[in-house]
Amino acid sequence: MIRQKYPLTWHKENFSIRIFCSIPNVATGILLAADKNLFVVDPGDGILRDLNKEIGTGKILSISDIFVTHGHHDHVGGVWALLTYMRVMNKRTPLTIHYPHGCVEIESIHNAFISVYSATLPYELKLNEIIEPKSFKSKGVLVRPFPVMHKEYLHDGKTTRQVPALGYKFTFKRKKICYGGDTAYCDDLVKQAKNSDLAVIEAGHEDDTPDDMHMTMTEAKRIGKSAKDYFLVHVPE
Ligand SMILES: [Zn+2]
C-alpha cells in the first residue's frame, strides 16, 4: 500500500488544487483556487479546521461554490460545519452547493440548516442539483460534471446499489483538472481524465480484483498515466 502524505498540492499559473485529506471512510477535503476565486470539493470532516489553518476566515467567507461528488459521509461530513461557520462569521456573498441528482444527504443537510437558521442567515445559500451532466461556468471556471460508477452495500452485506455519483472536470485558462471522486473503472472517467493537466484518481480498492465500487491500484494508475500528471487518492491505509 502507498501511504500518501497529505496535503497534496498542484498548481499551474493561477490554477491550483490542494488536497488536505483523502482517507477512505474517514474524510476527504479539497480546495480549488482559480485566480482569487475559491471552491471546495468534497468537504469531509475536518475541512473547516484545514481551511482555517491554510487560508483563514476572510478567504473561507469568499468561497463561492461547493462541489460534492456523492453523499458518503467521508465526502460530506464537513458541510454542516462550513455552512454554520459562514453564518456565524457573517458571510455576505452567495454560496452554491452542486451535487448529483438524488443525493439525499446534501438535501437533508440543506433542509435542516435552513429550518434552523433561515431567519438569521446573512448569505444566500443555493442548491444546484445536477440532473443532466452538462457543462456550466462558475467564476471563470468551466465545470464539466460526468457520471461515474460507485456502488455501496446494503445491510445484508451482499446486495449493492449505485449511489448518485459524479466526477468533475474543472477547466481554467485551458488548464484542466479532472477529479473522479469515488468510482470504479468507467468509460466516462477514462475519457475525461485523458490529457488533463492533472487527474485526481481514487485507488480505494483493497486488492487487485476489479469491482463496482472502487479502483484497484493498477486501474487507477492506468487512468492516471493518460493525463499529464496525476495523484492517486483515497488509498486504504
Ligand atoms: Zn464513496
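The structure under discussion appears in the preceding block.
Residues numbered from 1 in each chain as written. Predicted model: local features only at pLDDT ≥ 70, side-chain atom pairs only at ≥ 80, totals over all residues.

Draft legend 1. Representation of the overall build of the chain within the structure. A count of helical and extended segments in the chain gives seven helices and 15 strands. Rg of the C-alpha trace for the chain: 17 Å, near the compact-globule value of 18 Å for 237 residues, within the 12% margin. On the principal axes, the C-alpha backbone points of the chain span a range of 50 × 45 × 35 Å. By the burial criterion, 44% of the 237 residues in the chain qualify as buried. Considering only contacts within the chain whose residues lie at least 6 apart along the sequence, 62% involve residues at least 24 apart. (Helix = DSSP H or I, 4+ residues; strand = E, 2+ residues; numbered from the N terminus. Rg over C-alpha atoms; globule rule 2.2 N^0.38 Å. Buried ≥ 20, exposed ≤ 12 C-beta atoms within 10 Å, placed from the backbone. Contact = placed C-beta atoms within 7 Å.)

Draft legend 2. Structural detail: the environment of serine 138. Locating serine 138 in the fold gives a position in strand E8 (residues 136–138). The contacts of serine 138, once residues within four sequence positions are left out, are Ser64, Asp65 and Val143.

Draft legend 3. Expanded view of helix H7 (residues 217–224). Buried residues of H7: Glu219, Ala220, Ile223 and Gly224, and no others. Burial along H7 is one-sided: seen end-on, the buried residues are contained in an arc of 135°. (Arc of directions from axis to C-beta.)

Draft legend 4. Up close: the nonpolar core. Formed by 64 residues in total, the largest nonpolar core has its most connected members in Leu32, Val40, Val68, Ala199, Val200 and Ile201. Beyond its immediate chain neighbours, meaning those up to four positions away, leucine 32 contacts Ile17, Phe39, Val41 and Phe170. (Core = buried A, V, L, I, M, F, W, Y, C linked by C-beta atoms within 7 Å.)

Draft legend 5. The arrangement of the sheet that holds strand E9 (residues 141–147) in detail. Spatial ordering of the open sheet is given by E8-E9-E12-E13-E14-E15, a layout of six strands whose pairing is mixed. Since the sheet does not close on itself, it has two edges, and those belong to E8 and strand E15 (230–233), each with one partner. Ignoring which end each strand starts from, the neighbouring axes of this sheet average 20° apart. Of the pairings in the sheet, the one linking strand E14 (residues 198–202) to E15 comprises four bridges and is parallel in character. Residue pairing across strands places alanine 199 opposite tyrosine 230, the latter belonging to E15. Along the sheet, H7 makes contact with E14 and E15, crossing E14 at roughly 170°. (Pairing = 2+ DSSP bridges. Axes fitted to C-alpha atoms, helices over the stretch in contact; angles between N-to-C directions.)

Draft legend 6. Structural detail: the packing of helix H4 (residues 79–88) against helix H5 (residues 104–117). Interhelical geometry of H4 versus H5 gives an angle of 30° and a closest axis separation of 10 Å. On the basis of their axis angle, the class for H4 and H5 is roughly parallel. As for the relative orientation of H4 and H5, their crossing is right-handed in sense. Where H4 abuts H5, its residues Val79, Trp80, Leu83 and Arg87 lie against Ile109, Phe113 and Tyr117. Looking at the contact of H4 with H5, its residues break down into six nonpolar, no polar and one charged. (Parallel < 35°, antiparallel > 145°, perpendicular 65-115°, else oblique. Left-handed = near helix turned anticlockwise from the far one by under 90°. Nonpolar A, V, L, I, M, F, W, Y, C, P; charged D, E, K, R; others polar.)

Draft legend 7. Looking closely at the environment of leucine 166. Tracing the sequence through the fold places leucine 166 in strand E12 (residues 166–172). Here leucine 166 falls in the buried class, since 26 other C-beta atoms lie within 10 Å of it. Once the C-alpha coordinates of leucine 166 and histidine 150 are considered, the two residues, 16 residues apart in sequence, prove to be 8.9 Å apart. Among residues more than four places away in sequence, those in contact with leucine 166 are Thr69, Pro100, Ile130, Pro133, Pro145, Phe146, Pro147, Val148 and Gly181.

Draft legend 8. Here's a closer look at the pairing of strand E2 (residues 15–23). Here strand E1 (residues 8–12) pairs with E2 via five bridges, running antiparallel. When the bridges of E2 are listed, histidine 11 appears paired with serine 16. The turn joining E1 and E2, which pair antiparallel and follow one another in sequence, is formed by two residues; a positive phi near 50° is taken by glutamate 13. Across eight bridges, the pairing between E2 and strand E3 (residues 27–34) is antiparallel. Bridged to phenylalanine 15 within E3 is alanine 34.

Draft legend 9. Representation of the sheet that holds E2. Taken in spatial order, the seven strands make up an open sheet running E1-E2-E3-E4-E5-E6-E7, and their pairing is mixed. Bordering the open sheet on either side are E1 and strand E7 (125–130), each of which pairs with just one other strand. When the angles between neighbouring strand axes are averaged without regard to direction, this sheet yields 15°. Two elements, strand E5 (residues 65–67) and strand E6 (residues 95–100), share three bridges in a ladder whose sense is parallel. The residue bridging aspartate 65 from the neighbouring strand is threonine 96, located in E6.

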